[in-house]
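Fold and geometry: a report
Letter by letter, the chains look like this.
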Amino acid sequence: MPLLSIVQWPDLRLATPCAPVGSVTPAVRALAADMLETMYAAPGRGLAAPQVGVLQRLFVMDVTWKDGPRSPMVLIDPEVVWQAETRVVGPEGCLSIPGVVADVERAESIRVVWTDLSGEQAEAVLDGFAAICVQHELDHLDGIVTLDRLSAEHRAKVLA
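Residues numbered from 1 in each chain as written. Predicted model: local features only at pLDDT ≥ 70, side-chain atom pairs only at ≥ 80, totals over all residues. Heavy atoms only, no water.

1. Re the overall build of the protein
A tally of helices and strands in the protein yields three helices and seven strands. Put simply, the protein runs from its N terminus to its C terminus through helices and strands in the order α-β-β-β-β-β-β-β-α-α. On C-alpha atoms alone, the protein measures out to a radius of gyration of 15 Å, which is about the 15 Å that the 2.2 N^0.38 rule sets for 160 residues. Counting only contacts in the protein whose residues sit at least 6 apart along the sequence, the fraction spanning at least 24 positions is 61%. Accessible area of the protein: about 7,900 Å², with a carbon and sulfur share of 54%. Between the mean site of the 12 positive side-chain charges and the mean site of the 21 negative ones, the protein shows a separation of 4 Å. (Helix = DSSP H or I, 4+ residues; strand = E, 2+ residues; numbered from the N terminus. Rg over C-alpha atoms; globule rule 2.2 N^0.38 Å. Contact = heavy atoms within 4.5 Å. Areas by Shrake-Rupley, 256 points an atom, 1.4 Å probe, with all protein chains shown as cover. Lys, Arg positive; Asp, Glu negative; His and termini not counted. Charge placed at Lys NZ, Arg CZ, Asp CG, Glu CD.)

2. Some details on the side chain of R106
You can see R106 is positioned in strand 5 (residues 101-107). On the accessibility criterion, R106 (3% relative accessible area) is buried. Engagement of the side chain of R106 in a polar contact is seen with the side chain of D139, the distance being 2.8 Å. Excluding its chain neighbours within four sequence positions, the residues that come into contact with R106 are T86, R87, V88, E92, I132, Q135, H136, D139 and R149. (Buried < 20%, exposed > 50% of the residue type's maximum accessible area, 1.4 Å probe, protein only. Polar contact = N/O pair within 3.5 Å; in protein donor to acceptor, adjacent residues only side chain to side chain.)

This is the structure we're talking about:
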């Protein structure tokens, strides 16, 4: 499986909302496998399809692998169907904006539904870092990068 090139900000593909994947094909499965390999090599904990130049609603993540065994997830056409009112603010980095870490506000817990690699619908309630990771990667699918979540003043500071 080849490592994919990670698109760097301000590439316009990162600002483009993605199209639904639809059906799970061998090409989608191969893309997901390549994205996981690329994410681990980067090394990151999440990677969205537009970050490798593919404008489809797909991302991979593994929030535990740096501290324990790998537990990769592939989320196709994901959607948050519920989010907690409780908000948390914490540091986020992005493989497409190397060297920049910014405090971003996110929902503390979410319920997400998606299609898995077998074509079945899956659902999970996530909290903590897993919930934050999903929200970060979903932003990519909507054409939003971390910097877009910051005030103009905060954005100027992190880019300085």
